[in-house]
Amino acid sequence: MVRAVTVAVQTRLRPIMMTALSTKAGMFPLALEMAVGAERFSPIATVIIGGITMATVLTMILVPTLFVLLSRRAPRLSGDGRQRLPRGGDWAKRRVGVIGAACGRDQ
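Residues numbered from 1 in each chain as written. Predicted model: local features only at pLDDT ≥ 70, side-chain atom pairs only at ≥ 80, totals over all residues. Heavy atoms only, no water.

### A short note on the overall build of the protein chain
Here's step 1: Counting its regular elements, the protein chain contains three helices and zero strands.
Here's step 2: The N-to-C order of helical and strand elements in the protein chain reads α-α-α.
Here's step 3: Sequence-distant contacts, at least 24 apart, represent 46% of the contacts inside the protein chain between residues at least 6 apart. (Helix = DSSP H or I, 4+ residues; strand = E, 2+ residues; numbered from the N terminus. Contact = heavy atoms within 4.5 Å.)

Take a look at the structure:
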């Protein structure tokens, strides 16, 4: 589980950081009030920069950490105490059937 989360974070790090940094770079001139009339937009630019920073931290650090910790603490147990994971075919067919029935389709 830890290996899968580590690989996922490494895979998504570059695109998330590029998006966050480009958004911050675009908001930076507004936050510094470098243009005429930009004083109206300075507060919202500051909030956007802070929000993007927090979202990046939560996405890259907090969410994967909580996922690993919670997956260790709450294993899926059956009634006899043995750990069981849902089987791909049966579980997937039941899910598709339930979703199809909810959408009004007969499976």
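Picking up where we left off.
### Overview of unusual backbone geometry
Glycine aside, a negative phi is what most residues show, and trans is what most peptide bonds show.
Here's step 1: The residue E33 is not glycine, and still its phi comes out positive at about 55°.
Here's step 2: Among the secondary structure elements, E33 is positioned in the loop between α1 (2-31) and α2 (42-73).
Here's step 3: E33 gets classed as partly exposed once you look at its relative accessible area, which sits at 44%. (Buried < 20%, exposed > 50% of the residue type's maximum accessible area, 1.4 Å probe, protein only.)

### Topic: the packing of α1 against α2
Here's step 1: The interhelical angle for the contact between α1 and α2, taken along N-to-C directions, is 175°, at an axis separation of 8 Å. Comparing their axes, α2 and α1 come out roughly antiparallel.
Here's step 2: Taken together, the residues of the contact of α1 with α2 break down into 19 nonpolar, six polar and three charged. (Axes fitted to C-alpha atoms, helices over the stretch in contact; angles between N-to-C directions. Parallel < 35°, antiparallel > 145°, perpendicular 65-115°, else oblique. Nonpolar A, V, L, I, M, F, W, Y, C, P; charged D, E, K, R; others polar.)

### With respect to α1
Here's step 1: Roughly 40° is the biggest bend found in α1, and it falls at L13, with proline P15 one to four residues downstream.
Here's step 2: Where α1 is concerned, the buried positions are V5, I16 and A20. (Bend = angle between axes of the 7 residues up to and from the residue.)

### Regarding a nonpolar patch on the surface
Here's step 1: Taken together, the side chains of M54, L58, L62, V63, L66, L69 and L70 present a nonpolar region at the surface, about 630 Å² in accessible area.
Here's step 2: Mapped onto the elements, V63 comes out in helix α2. (Patch = residues over 30% accessible without salt bridge, like charges linked within 9 Å, V, L, I, M, F, W, Y side chains within 5 Å. Areas by Shrake-Rupley, 256 points an atom, 1.4 Å probe, with all protein chains shown as cover. Salt bridge = Lys/Arg side-chain N within 4 Å of Asp/Glu carboxyl O.)

### Quick notes on the side chain of T56
Here's step 1: Checked against the element boundaries, T56 lands in helix α2.
Here's step 2: The buried category is assigned to T56, whose relative accessible area is 12%.
Here's step 3: Within polar-contact distance, the side chain of T56 engages the backbone oxygen of I52 at 2.7 Å.
Here's step 4: Residues within four places of T56 in sequence aside, it is in contact with I16, M17 and A20. (Polar contact = N/O pair within 3.5 Å; in protein donor to acceptor, adjacent residues only side chain to side chain.)

### Some points on the environment of T6
Here's step 1: As for its position among the elements, T6 is in helix α1.
Here's step 2: T6 gets classed as partly exposed once you look at its relative accessible area, which sits at 34%.

### Thoughts on α2
Here's step 1: Here α2 spans 44 Å end to end across 32 residues, near enough to the 46 Å set by a 1.5 Å rise per residue.
Here's step 2: At L58, α2 is bent by approximately 40°, the largest bend along its length.
Here's step 3: In the core, the buried residues of α2 are packed alongside α1. (Expected span 1.5 Å × (residues − 1).)

### What to know about the environment of Q10
Here's step 1: As for its placement among the helices and strands, Q10 is situated in helix α1.
Here's step 2: C-alpha of Q10 to C-alpha of M60: the two residues are 50 residues apart in sequence and 9.2 Å apart in space.

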